[in-house]
Amino acid sequence: MQPGSADEEWREDCAPRRVLALFATKWTSMVLHTLHVRHGGAARTGVLHRSLPGISKKMLTQTLREMEEVGLITRHVQSAVPPAVEYRLSELGTRFVEPVAMLYAWGRDNADALDQLGSRATARRT
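Residues numbered from 1 in each chain as written. Predicted model: local features only at pLDDT ≥ 70, side-chain atom pairs only at ≥ 80, totals over all residues. Heavy atoms only, no water.

Enquirer: So what exactly am I meant to see when it comes to the overall build of the chain here?
Expert: When you go through the chain residue by residue, the secondary structure sums to six helices and three strands. Each helix and strand of the chain, placed in order from N terminus to C terminus, yields the pattern α-α-β-α-α-β-β-α-α. Principal-axis analysis of the C-alpha atoms places the extent of the chain at approximately 60 × 40 × 25 Å. Per-residue burial over the chain gives 27% buried out of 126 residues. For the chain, long-range pairs separated by at least 24 residues make up 43% of all intrachain contacts whose partners lie at least 6 apart in sequence. Surface summary for the chain: the accessible area is close to 9,200 Å², and the carbon and sulfur share equals 54%. Across the chain, the 17 positively charged side chains and the 14 negatively charged ones have centroids separated by 13 Å. (Helix = DSSP H or I, 4+ residues; strand = E, 2+ residues; numbered from the N terminus. Buried < 20%, exposed > 50% of the residue type's maximum accessible area, 1.4 Å probe, protein only. Contact = heavy atoms within 4.5 Å. Areas by Shrake-Rupley, 256 points an atom, 1.4 Å probe, with all protein chains shown as cover. Lys, Arg positive; Asp, Glu negative; His and termini not counted. Charge placed at Lys NZ, Arg CZ, Asp CG, Glu CD.)

Enquirer: Would you explain the pattern of salt bridges in this entry?
Expert: If charged atoms from side chains of opposite charge come close, those side chains can pair. For the structure shown, the criterion picks out two salt bridges. The closest approach of N and O atoms between Asp13 and Arg11, which form a salt bridge, is 2.5 Å. (Salt bridge = Lys/Arg side-chain N within 4 Å of Asp/Glu carboxyl O.)

Enquirer: Can you walk me through unusual backbone geometry in this structure?
Expert: The phi torsion of most residues other than glycine is negative, and most of the peptide bonds are trans. Omega for the peptide link from Val81 to Pro82 comes to -5°, which places this bond in the cis form. Along the chain, Pro82 turns up in the loop between β2 (73–78) and β3 (84–89).

Enquirer: How do you make sense of the packing of helix α2 (residues 27–39) against helix α5 (residues 91–109) when you look at a structure like this?
Expert: Each pair of packed helices can be described by the angle between their axes along with the distance between the axes. Where α2 meets α5, the axes come as close as 9 Å, and the angle between the chain directions of the two elements is 100°. Comparing their axes, α5 and α2 come out roughly perpendicular. Between α2, through Ser29, Met30, Leu32, His33 and His36, and α5, the contact on the second element is made entirely by Gly93, Phe96, Val97, Val100, Ala101, Tyr104 and Arg108. For the contact of α2 with α5, a count of residues per class yields seven nonpolar, four polar and one charged. (Axes fitted to C-alpha atoms, helices over the stretch in contact; angles between N-to-C directions. Parallel < 35°, antiparallel > 145°, perpendicular 65-115°, else oblique. Nonpolar A, V, L, I, M, F, W, Y, C, P; charged D, E, K, R; others polar.)

Written out as structure tokens, the structure is:
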């Protein structure tokens, strides 16, 4: 979106706002990235929970449900006792992995710039 661009490019349902809405919770991109990078696109809930330090089981469950609802992942129940649930990146989720990976790579490459940011009240890192 450029200065002076048409009003429809700035509307509430414009593409940039829709992308940001997907990442309104901090865990959505982390789950996508973890599924892709650490687990080849599929993992069970417990494996994901152990792979994401700092996330509560409740938040992981909520995030997975929201991601399934919007189509980023699919849920597969395996017939076993007890039933095993596996989450897999959907085709759409796989498309979102690329920009997430680029953003995370930028963060690793620019950690010094991130360290210069002022601390937020909700940040754990000081």
